[in-house]
Amino acid sequence: MSKKNKQKLSQSQLDRNKKISSLKTMYFNRFLMVRYILAVMVFASFFLAFLSWQTFTGYAAAALLVFAALPMWELGNMYGKAEPSVKWTRRYYMVQLVFNCGLCLVCWMAPMSSVLPFFADVVAARILATVLLAAGGVLCVLCLRRLDKIEAGRDKQLARIRFFEEKYRLQI
């Protein structure tokens, strides 16, 4: 084999490796919103646990932080996998949704000093806490819907991935 053919072959292999890397990234990016919202939830839980320590809310937020390690691991290890399993991520968002809804109710039923001790016991603080918790609940629902679409193969990114796979005849 001549030197020119070796360079051509290596350039061809290099191009194929770049395309495979792009394909892996495309599959990984299907879960981009889910990963970013998980990061927001983790920081919110950390903040809540830090400010509410020594209360039930602080302990529950700390438990959510520990539980979040499973979906973080799951989402971090899916690079290069065409159909990853996201069972822990789904469970985490369901638990987070239940926690947010439950805390919304408790904010109005119990004194704020026992629920969220960093807020004053006034109506404005209860409304603010409810809005923040409801926003977190909406984010959880959005992630659960996104996971449903991905699992059903109805996400827009999958169509682009299939086109890319067919165009360059690639598979992971």
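Since we're looking at a predicted model, the values are computed, not measured.

How would you sum up the overall build of the protein? Please name residues and give values.
Counting its regular elements, the protein contains eight helices and zero strands. If you list the helices and strands of the protein from N to C, you get α-α-α-α-α-α-α-α. The C-alpha radius of gyration of the protein comes to 22 Å, more than 25% above the 16 Å expected for a compact globule of 172 residues. The buried share among the 172 residues of the protein stands at 38%.

Tell me about the pattern of salt bridges, residues and numbers included.
Scanning all chains against the criterion turns up six salt bridges. Residues joined in a network through salt bridges with shared partners are R30, E83 and D155.

Please provide a residue-by-residue account of a positive patch on the surface, values included.
Positive charge collects at one region of the surface, where R145, K149, R154, K156 and R160 lie side by side. Mapped onto the positive patch, the elements with two or more residues apiece are helix 7 (123-152) and helix 8 (156-168). Relative to the assigned elements, R160 resides in helix 8.

A description of the environment of L97 should follow, citing residues and the corresponding values.
Locating L97 in the fold gives a position in helix 5 (residues 87-109). Once residues within four sequence positions are removed from consideration, L97 is found in contact with G137, C140, V141 and L144.

Kindly report on the environment of V34, identifying the contributing residues and their values.
Locating V34 in the fold gives a position in helix 2 (residues 32-51). Spatially, the C-alpha atom of V34 lies 33 Å from that of V123, the residues being 89 residues apart in sequence. Aside from chain neighbours lying at most four places away, what touches V34 is L75, T89, Y93, C143, R146 and L147.

Could you give an account of the packing of aromatic side chains, naming the residues involved and the relevant values?
If you walk through the whole model with that rule in mind, you get eight aromatic pairs. Measuring from ring centre to ring centre gives 6.2 Å for F67 and W88, while their planes differ by 80°; the resulting arrangement is edge-to-face. Highlighted residues: F67 in helix 3 (residues 56-67) and W88 in helix 5, separated in sequence by 21 residues. Among the aromatic residues, ring-to-ring pairing joins F67, W88, Y92 and Y93 into one connected group. One residue, R35, lies across the ring of F28, its end atom 3.8 Å from the ring centre. Over the aromatic face of W88 sits the side chain of R91, whose NZ or CZ is 4.7 Å from the ring centroid.

Please give an account of unusual backbone geometry that cites residues and values.
One non-glycine residue, Q54, lies in positive phi territory at about 75°. Here Q54 shows up in the loop between helix 2 and helix 3. Not every positive phi belongs to a glycine, and R169 is a case in point at roughly 55°. Of note, R169 is situated in the segment after helix 8. Among the residues examined, R169 registers a relative accessible area of 72% and is labelled exposed.

Tell me about helix 5, residues and numbers included.
Given 3.6 residues to a turn, an α-helix orients residues that are three or four positions apart in the same direction. End to end, helix 5 covers 33 Å across 23 residues, agreeing with the expected 33 Å (1.5 Å per residue, within 8%). The complete set of buried residues in helix 5 reads T89, R90, Y92, Y93, Q96, F99, N100, L103, C104 and C107. Buried residues along helix 5 sit against helix 2, helix 3, helix 4 (69-76), helix 6 (112-115) and helix 7.

How each quantity is defined
- Residues numbered from 1 in each chain as written.
- Predicted model: local features only at pLDDT ≥ 70, side-chain atom pairs only at ≥ 80, totals over all residues.
- Heavy atoms only, no water.
- Helix = DSSP H or I, 4+ residues; strand = E, 2+ residues; numbered from the N terminus.
- Rg over C-alpha atoms; globule rule 2.2 N^0.38 Å.
- Buried < 20%, exposed > 50% of the residue type's maximum accessible area, 1.4 Å probe, protein only.
- Salt bridge = Lys/Arg side-chain N within 4 Å of Asp/Glu carboxyl O.
- Patch = residues over 30% accessible without salt bridge, like charges linked within 9 Å, V, L, I, M, F, W, Y side chains within 5 Å.
- Areas by Shrake-Rupley, 256 points an atom, 1.4 Å probe, with all protein chains shown as cover.
- Lys, Arg positive; Asp, Glu negative; His and termini not counted.
- Charge placed at Lys NZ, Arg CZ, Asp CG, Glu CD.
- Contact = heavy atoms within 4.5 Å.
- Phe/Tyr/Trp six-rings, centres within 6.5 Å; stacked < 30°, edge-to-face > 60°.
- Lys NZ or Arg CZ within 6 Å of the ring centre and 35° of its normal.
- Expected span 1.5 Å × (residues − 1).

None of the figures reported here should be taken as evidence of function without further support.
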